[in-house]
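As a plain string of letters, each chain reads:
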2 protein chains.
Amino acid sequence: MAEATTRRRGGGGAARRAERTAVSIETAKFIERNIPLYEVLNDEALEVIEANAETILEEVGVNFVDNPVALDRWREAGADIDGERVRIPRGLARKLCSTAPSRYTQHARNPERNVEIGGNTLVFAPVYGPPFVRDMEGGRRYATMDDFKKFVKLGYMSKWLHHSGGTVCEPTDVPVNKRHLDMLQAHMTLSDKPFMGSVTEASRAQDSVEMCEILFGKDFVQENTVMTSLINVNSPMTFDDVMMGSLEVYAKNNQACIISPFIVGGAMAPVSVAGTLTQVLAEVLAGIAYSQLIRPGAPVIFGAFVTSIDMNSGAPTFGTPEASHILYGAGQLARRMGLPFRSGGGLCGSKLPDAQSAYETAHTHNAALLGGVNFMLHSCGWLEGGLVSSFEKFVLDADQLGVLHHIARGISVDENAQAMDAIREVGPGGHYLGCAHTQANFKNAFWRTNVFDYKPFETWSEEGERDSMTLANIKVKEMLANYQQPALDPAIAEALESYVANKKASMPDAFS
Amino acid sequence: MAEATTRRRGGGGAARRAERTAVSIETAKFIERNIPLYEVLNDEALEVIEANAETILEEVGVNFVDNPVALDRWREAGADIDGERVRIPRGLARKLCSTAPSRYTQHARNPERNVEIGGNTLVFAPVYGPPFVRDMEGGRRYATMDDFKKFVKLGYMSKWLHHSGGTVCEPTDVPVNKRHLDMLQAHMTLSDKPFMGSVTEASRAQDSVEMCEILFGKDFVQENTVMTSLINVNSPMTFDDVMMGSLEVYAKNNQACIISPFIVGGAMAPVSVAGTLTQVLAEVLAGIAYSQLIRPGAPVIFGAFVTSIDMNSGAPTFGTPEASHILYGAGQLARRMGLPFRSGGGLCGSKLPDAQSAYETAHTHNAALLGGVNFMLHSCGWLEGGLVSSFEKFVLDADQLGVLHHIARGISVDENAQAMDAIREVGPGGHYLGCAHTQANFKNAFWRTNVFDYKPFETWSEEGERDSMTLANIKVKEMLANYQQPALDPAIAEALESYVANKKASMPDAFS
């Protein structure tokens, strides 16, 4: 547990008050689960899905689009190439995947914030990708770089969030060919948590690597993983040149990628859970095998971003039972490959951080915790099917990540936890509030919210009957007001600044 | 699956419109889980807790208050009696519990609504006990009999709710010694789902049995279980004469009881999960053993209603990680006794059906589903720590019970679900919306909400940017407007009416 509590100046009563209201920028260590996982599929079902995925790769194949080098790599590895179609003999993709590590460390510039991804770990990263933001005052609007910085600051201030993420919102006021530079600079300077690189063009992935070389040192980057970036598969079974170009850059540089089929079930995969899992597995096998053709041993994550479609309206839906099924099943498939697993998050379809958004989010959070997710993107702030980054929901979800932390701790049955002395001391009809065991243990016994309302009805009523969104809005302002930038070597900060300025000056603005 | 869809009259276009908007009073069959359970404790931990529970019963004992007959029964069974303290030799309580059935049928007056409780089943019953109600128009206010009837009607109209419950709210406008009569009459006449009996005095339990004899016939009641009623233990380790008096009536008449420690952890049990589980088990062992002393084979449920206390404010909290731990652990203990298990529900501490209420509710719902709950009281409508029955939350939660139904179905891997033909048909880069497999399966493939918003942003915005509470409020009104009373033999309805009238006339009003 890394702690860095800043205190305001002052003496006597002022000092005590300051201590009570001190800004906490404590960050919890990534989760190491001390609880069993939940497995919904039996071995027979898993074997059916695995056999079918091999059949898809062998008979149907996958497309690598506009990427002759990739086709050459596959041909050389033993695949059958027909135009852009790659058909992979049974077992070949799985064999190629076997060089990928089962667990890796992603370094942060503050080593106390390093995360390990794989095995029994669970790392939380915030929402990724929305073009809009929403808050109570401003409603829904296009995201700007100013919003982006606010989300990075909120992420830095969030105790249960381990990772600064990537595109926490799309800064639409910065040219599309330059915004990755500002985004990376913000993650590198406004936070000291680990972050993600750009994937919107191979050259931008290269820029991400070079900026990391400034931040971490060139040798360090070549020897260590300092980014985990998101490579989506164009489902069904299509690997486009933009995503593959970025994957190539990252894999060559030993940087981690999530290979993630992005599926709205019923549209981009069959309208059945087993069929969708089969396609997910085939796509991940092909994508990860390709990463290992670029550089055997390059760190990768088995990704599965799967929602289902509302067959009445065509809208993607989140937090549904089918999504939970797919998450549990995909986790089992990932573990059978010995690979880190990415899925879940605070996914919801609601337009507001209301009851719908919270039901849907909590379903996804719970399934991800028990389903063995190692890297949870979108763990806080996601709204409206990923179109919106919500300030209030960011804070509400980030608080919920504490619930997952505490569930993951498991149940101690040591002598203190057995509490037999307390039960003997209190006896029938007594109460435990004052007993020795309670006094010794109450401070750390129970998880406590940082944003929910636990007040008596009368107090709550006098204070204006505020709902969760309103309380979260207050918390957002408080966190941003209390934000303090983590220290960074000024020479590094300057070098990043001039790298960004030079890159920006080297090309005209592009907005699409 | 019982279906009874009423249709409005009309021809042509009107008939088609009517069909689309037809009132559905379809009720899903109780859940038979086709998924594995989640077990958080290993055998060693379970054995520690079980051994400690026996130690509590043997060394500390439990109190049976103001109940000399109970003390006689215990003495005769081999317990050590000291004043009101009952100390139970190791193994005796567990042995006595072994005559309780592992599964039983609770009959409804409509046999299609019968529920089975135990084994792999899960039965949903609504909120129980709040003195207040809340809705958007009226805010928070004392509950009345009119409110009570509305909740019974909503329960009857809720597709995923199997059980009409008991005190869906406390009708505070009816004298306390008479309200059980009105409540039972409402369940019996406004719904045809199974229900719960009164437990607030032995005489009221007796009235409940007699009203059931009118509804089901005297012989039927003696041979079958037609009520499942809630017997709370006064934790720690105290069995009061009111609750035990009701238990005695029900057990004698072969009616089911939930023996449920009611615990705010940290106050009524130790401030640790393992200690709380130990006390829960000791209390349940004593209570269920006592039920079997009254009538061996009487149906009972292992209950555990456990929240934790917020150590800052003293408020009870819900949906916490500790509550999930206790639920999972208690479920394991119940299964090792071979008994049906009650826990969970839509528990929350929030004052409004907002994001907090939904996060907390969803945590509890998920833990209950995976933790092996057989009877889920408070599954919908619970607000503000159980002080309030919320109309809007009733509808939101009841919709969520559909999510649990669909998760419980598990994942099919039959040939149709494998969807290999669809994957072959669509191929890389295609889409599945129009393919044969989608056309054949889309109608039943995915769960769909009945109350959430899935609309495009623009439509949602034009319609007033309504949140979940507002949408639920509309749904409440729609359901109450469309309610149609299930048919009941008029002679039975009259007999119930005159039983209630005679009972009420036989005693003065009491308001405390």
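Reading guide: rules and limits
- Along each chain, residue indices are assigned from 1 in the same order as the chain's sequence is written.
- By the order in which they are written, chains take letters starting at A while ligands take numbers starting at 1.
- In view of the model being predicted, local features appear only for residues whose pLDDT reaches at least 70, and side-chain atom pairs are presented and counted only at 80 or more, with totals across whole chains, interfaces and linings using the full set of residues.
- By convention in this description, side-chain values take in all heavy atoms of the structure and omit both hydrogens and water.
- Only the contacting stretch of a helix is used when fitting its axis, a line to C-alpha atoms as for every element, and angles between N-to-C directions run 0 to 180 degrees.
- Each helix corresponds to a stretch of at least 4 residues labelled H or I by DSSP, and each strand to a stretch of at least 2 residues labelled E; elements are numbered beginning at the N terminus.
- Crossing handedness is defined as follows: a turn of the near helix away from the far one that is anticlockwise and smaller than a right angle gives a left-handed crossing, while the clockwise case is right-handed.
- Throughout, a residue-residue contact means that at least one pair of heavy atoms, one from each residue, lies within 4.5 Å.
- Note that Gly is not counted as nonpolar here; it falls among the polar residues with everything else outside the nonpolar set of Ala, Val, Leu, Ile, Met, Phe, Trp, Tyr, Cys and Pro and the charged set of Asp, Glu, Lys and Arg.
- The superposition of copies rests on a least-squares fit of C-alpha positions from residues with pLDDT of 70 or more in both.
- Note that the domain bounds were set by an automatic or database domain assignment.
- Reported buried area values correspond to the accessible surface (1.4 Å probe) lost by two parts on association, with both partners' losses combined.
- In the sections that follow, a salt bridge refers to a side-chain nitrogen of Lys or Arg positioned within 4 Å of a carboxyl oxygen of Asp or Glu.
- Within 3.5 Å is the distance limit for a polar contact, defined as a pair of N or O atoms, with the added protein rule that one can donate a hydrogen and the other accept it, and that residues adjacent in sequence qualify only through two side-chain atoms.
- A simple rule labels every residue: compare its accessible area, found with a 1.4 Å probe on the protein chains alone, to the largest value its type can have, and call it buried under 20%, exposed over 50%, or partly exposed in between.
- Every angle not falling under 35 degrees, over 145, or within 65 to 115 is termed oblique; those three ranges are roughly parallel, roughly antiparallel and roughly perpendicular.

## With respect to the packing of helix H12 (residues 355-370) of chain B against helix H13 (residues 391-408) of chain B
All names here are of chain B.
Alright, step 1. Where H12 meets H13, the axes come as close as 11 Å, and the angle between the chain directions of the two elements is 35 degrees. Pair H12 / H13 crosses with right-handed handedness. On the side of H12, the interface is formed by Ser 357, Thr 361, His 365, Asn 366 and Leu 369, while H13 contributes Lys 393, Asp 397, Gln 400, Leu 401, Leu 404, Ile 407 and Ala 408.
Alright, step 2. Per-class residue counts for the contact of H12 with H13 are five nonpolar, five polar and two charged.

## With respect to the relation of the copies chain A and chain B
Alright, step 1. Once turned by 180 degrees and shifted 0.0 Å along the axis, chain A lies on chain B with an RMSD of 0.0 Å. Expressed as a symmetry operation, the mapping of one chain copy onto the other fits a two-fold axis. Among all residues of chain A, the minimum C-alpha distance to the rotation axis is found for Ala 355 of chain A, at 2.2 Å.
Alright, step 2. Most of the interface of chain A is mirrored in chain B, where 99% of its interface residues again form contacts.

## Regarding the domain arrangement of chain A
Alright, step 1. Domain annotation for chain A reports domain 1 (26-33 + 98-406) and domain 2 (419-445).
Alright, step 2. Taking the mean C-alpha position of each, domain 1 of chain A and domain 2 of chain A sit 43 Å from one another.

## Description of the interface of chain A and chain B
Alright, step 1. Taken residue by residue, the interface counts 110 residues in chain A and 109 residues in chain B.
Alright, step 2. Carbon and sulfur atoms make up 68% of the surface buried where chain A meets chain B, a total of about 9,200 Å² over both sides.
Alright, step 3. The interface formed by chain A and chain B contains six salt bridges.
Alright, step 4. Across the salt bridge formed by Lys 351 of chain A and Asp 453 of chain B, the nearest N and O atoms sit 2.6 Å from each other.
Alright, step 5. At the junction of chain A and chain B, the tally comes to 40 residue pairs in polar contact (both at pLDDT 80 or more).
Alright, step 6. If one sorts the elements of the side of chain A that touches chain B by residue count, helix H12 (residues 355-370) of chain A sits on top with ten residues.
Alright, step 7. Class assignment for the residues of the side of chain A that touches chain B results in 55 nonpolar, 36 polar and 19 charged.

## Remarks on the pattern of salt bridges
Alright, step 1. Summed over all chains, the structure comprises 62 salt bridges over all chains.
Alright, step 2. The shortest N-O distance in the salt bridge between Arg 424 of chain A and Glu 59 of chain B comes to 3.1 Å. With Arg 424 of chain A in helix H15 (residues 420-426) and Glu 59 of chain B in helix H2 (residues 43-60), the pair connects residues from two separate chains.
Alright, step 3. Classification of Arg 424 of chain A as partly exposed rests on a relative accessible area of 39%.
Alright, step 4. The salt bridge involving Asp 146 of chain B is made with Lys 150 of chain B; its shortest N-O contact spans 3.5 Å. Residue Asp 146 of chain B and its partner Lys 150 of chain B are located together in helix H5 (residues 145-157), separated by four residues, close to a single helical turn.
Alright, step 5. Overlapping salt bridges bring together Lys 29, Glu 32, Arg 103 and Glu 116 of chain A as one network.

## Overview of the packing of helix H5 (residues 145-157) of chain A against helix H18 (residues 468-482) of chain A
All names here are of chain A.
Alright, step 1. Axis separation between H5 and H18 bottoms out at 9 Å; the angle between their running directions is 90 degrees. As the angle between them shows, H5 and H18 are arranged roughly perpendicular. Across the interface between the two elements, Lys 150, Lys 153, Leu 154 and Met 157 from H5 touch Val 476, Met 479, Leu 480 and Asn 482 from H18.
Alright, step 2. Of the residues in the contact of H5 with H18, the class split is five nonpolar, one polar and two charged.

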